[in-house]
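Here are the chains, one letter per residue:
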Amino acid sequence: MILGLTIAIVLGTMLGALFYGNRDISSPQIGGPVNAQGAPVFGGDPCDIRGAYRNGPDAAQVRQLCLAQGLSAAAVDSYVFNSTQIQGFVGGNVNLKEETADTWTVGAVYRPNFGSALFSRLSASIDYYSIKITDVVGSITATNQLQGCFNATGVTNPTYDVNNGYCQLFERDPLTGNVINSLGLQQNLATLKTSGIDLQVDWSFDLADAGLGNLGSLNLNYVVGWLRAWQRQDAAGGPFNERAGTIDSTNGFTFPKWKMLGSVNYSNGPFGLGLRWRRVGKMDIYNTANSLPAINYFDLLTSWNVSDSFVLRMGVNNLTDKAPRTWTPGIQSNTDPSTYDILGRRFFVGVTSRF
């Protein structure tokens, strides 16, 4: 048996803070105050009388905060915002400084030695990681600004103070009461912490070694990632928001606790046939009581080495034509195209020729 152990401690400075100062007008998405069934949700403008903010247990405090921000007393009890976008700015920040990261990793590799050809090419590895980044360079989205200001999680502004840091990132039009000048600029946020475990198993063998005759060989690969935690503190002294196992309407904020990729590949002479399995675990829709079930995708792959210099490949991606998970508001078209397959079943043919 061969057993390998690796331990690494890295204290580093990530020099990723570039000093840009440009500002661009944008129209960030904030969603709507109700879902597809018309039920109130924590979306849209929190001052909208149809949403969960104005209809929850803290509705009176929300109303007072709307007034403190400049929504008129004549409009506050009938205010609706029918768009899912607001006016804001995105861009750089000349005052950025570098991020600093502390990274711990522990890993082990296992290769058994049973004296059997069947298991001679079996290996497994497991790695634990823990990363803490301070002075994180990023931006607070318009959605998170509104959720933070109006205390959607119950911890970001429990006193409903108009001077709260989240509330200072946007303004209201004195004439319409609509949210304007949302500042989605790059800045040094407080701290980000994440940890998890990655496991990989690889096993290949000839079918003859399993007593099945000279019929070719099999190659099996399996990779699974478990996200233990993904926490971000948007402002110094503020709460850590746990995002592991959640998804929302912001690009890059999809954090399934479980992701898996497995494949079985058969080869016999010039021919190859493979089946690939991709799985994205169940996720809760952030700040709601709803969730998206896990989803599985299967891909079928074939290849034929016609000659030493010519290879033909064919296959089907998303073999079962699985539709993407959807929710409102999603990142794009009520889903996340970077996580879910939006094209459905599709076929491909490719050739490789060497000269």
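Keep in mind it's a predicted model, so treat the numbers as computed, not measured.

Below, the discussion takes up the pattern of salt bridges. A full pass over the atoms with the stated rule returns eleven salt bridges. One salt bridge in this structure joins Asp 206 and Arg 121, with 3.7 Å as the shortest N-O distance. With a gap of 85 residues between them, Asp 206 in strand β11 (residues 191-206) and Arg 121 in the loop between β4 (99-111) and β5 (122-134) connect regions that are remote in the sequence. What makes Arg 121 partly exposed here is its relative accessible area of 39%. Note that Asp 284 is salt-bridged to Lys 282, the shortest N-O span being 3.1 Å.

A separate point is the nonpolar core. Among the nonpolar cores identified, the biggest contains 34 residues, and Cys 66, Cys 149 and Phe 150 are the most heavily contacted of them. For this core, the elements supplying multiple residues, two or more each, are α1 (59-68), β5, α2 (142-149) and β12 (217-233). Among all residues touching Cys 66, those that are not within four sequence positions of it are Cys 47, Leu 71, Val 76 and Phe 150. One finds Val 280, Ile 285, Ile 295 and Trp 327 within the second-largest nonpolar core, a separate group that totals ten residues.

Moving on, we come to the state of the cysteines. With the rule as written, the count across this model stands at two disulfides. A sulfur-sulfur separation of 2.0 Å characterises the disulfide bridge that pairs Cys 149 with Cys 167. Measuring handedness by torsion sign, the sulfur bridge of Cys 149 and Cys 167 sits at about 95° and is right-handed. With Cys 149 in helix α2 and Cys 167 in the loop between α2 and β7 (171-172), this residue pair connects regions lying 18 residues apart in the sequence. No difference in accessibility class separates Cys 149 from Cys 167, as the two residues are buried. Going through the protein in sequence order and numbering each bonded cysteine, the pairs you get are 1-2, 3-4.

In this section: the side chain of Gln 69. On the secondary structure map, Gln 69 appears in the loop between α1 and β3 (88-91). Given the relative accessible area of 15%, Gln 69 is considered buried. At 2.7 Å, the side chain of Gln 69 forms a polar contact with the side chain of Arg 172.

Here we take up unusual backbone geometry. Looking along the chain, the bond that leaves Thr 328 and enters Pro 329 is cis, with omega of -5°. Along the polypeptide, Pro 329 turns up in the loop between β21 (310-317) and β22 (346-353). In this structure, Tyr 160 takes a positive phi of about 55° despite not being glycine.

The next thing to look at is the side chain of Arg 232. If you trace the backbone, Arg 232 turns up in strand β12. Residue classification places Arg 232 among the buried positions, given a relative accessible area of 9%.

Averaged over every residue, the pLDDT of the protein is 89; residues scoring 70 or more account for 92%. Here residues 1-21 scores under 50 on pLDDT; set against residues more than four positions off or in separate chains, the count is 53 contacts.

Looking now at α1. Those residues of α1 that fall on the buried side of the exposure criterion are Ala 59, Val 62, Leu 65 and Cys 66. Down the axis of α1, the buried side of the element spans an arc of 120°, and every buried residue falls inside it. Those residues of α1 that are buried lie in contact with α2. Taken from the residues just after α1, Gly 70 is the one with a positive phi, measuring 120°.

Now for the environment of Asp 77. In this fold, Asp 77 is placed in the loop between α1 and β3. Each C-alpha atom, one on Asp 77 and one on Ile 49, is 6.8 Å from the other, the two residues being 28 residues apart in sequence. If near-sequence neighbours (up to four positions away) are discounted, Asp 77 is found in contact with Ile 49, Arg 54 and Arg 63. A distance of 3.4 Å separates polar atoms of two side chains, one belonging to Asp 77 and the other to Arg 54. At a separation of 2.8 Å, a polar atom in the side chain of Asp 77 contacts the side chain of Arg 63.

Criteria and cut-off values
- Every residue gets a number counted from 1 within its own chain, in the order that chain's sequence is written.
- Note on the predicted model: pLDDT of at least 70 is required for a residue's local features to be given, and 80 or more for side-chain atom pairs to be given and counted; whole-chain, interface and lining totals, by contrast, use all residues.
- As a convention, hydrogens and water are excluded, and side-chain values are obtained from all of the structure's heavy atoms.
- Salt bridge, as used here: a side-chain nitrogen of Lys or Arg that lies within 4 Å of a carboxyl oxygen of Asp or Glu.
- Numbering of helices and strands runs from the N terminus, with a helix taken as a DSSP run of H or I at least four residues long and a strand as a DSSP run of E at least two residues long.
- Partly exposed describes any residue whose relative accessible area lies between the buried limit of under 20% and the exposed limit of over 50%, with all areas from a 1.4 Å probe on protein chains only and scaled to the type maximum.
- We define the nonpolar core as a collection of buried residues of types Ala, Val, Leu, Ile, Met, Phe, Trp, Tyr and Cys that are connected through side-chain atoms lying within 4.5 Å of one another.
- Note on contacts: a residue pair is in contact if any heavy atoms of the two residues lie within 4.5 Å.
- The disulfide criterion is simple: two cysteine sulfur atoms within 2.5 Å.
- In the analysis that follows, any N or O atom pair within 3.5 Å is treated as a polar contact, provided that within protein one partner can donate a hydrogen and the other can accept it, and provided that, for residues neighboring in sequence, both atoms belong to side chains.
- Each residue carries a pLDDT score, the predictor's confidence in it, ranging from 0 to 100.
- As used here, the arc is the angular range of directions from the helix axis to the C-beta atoms.

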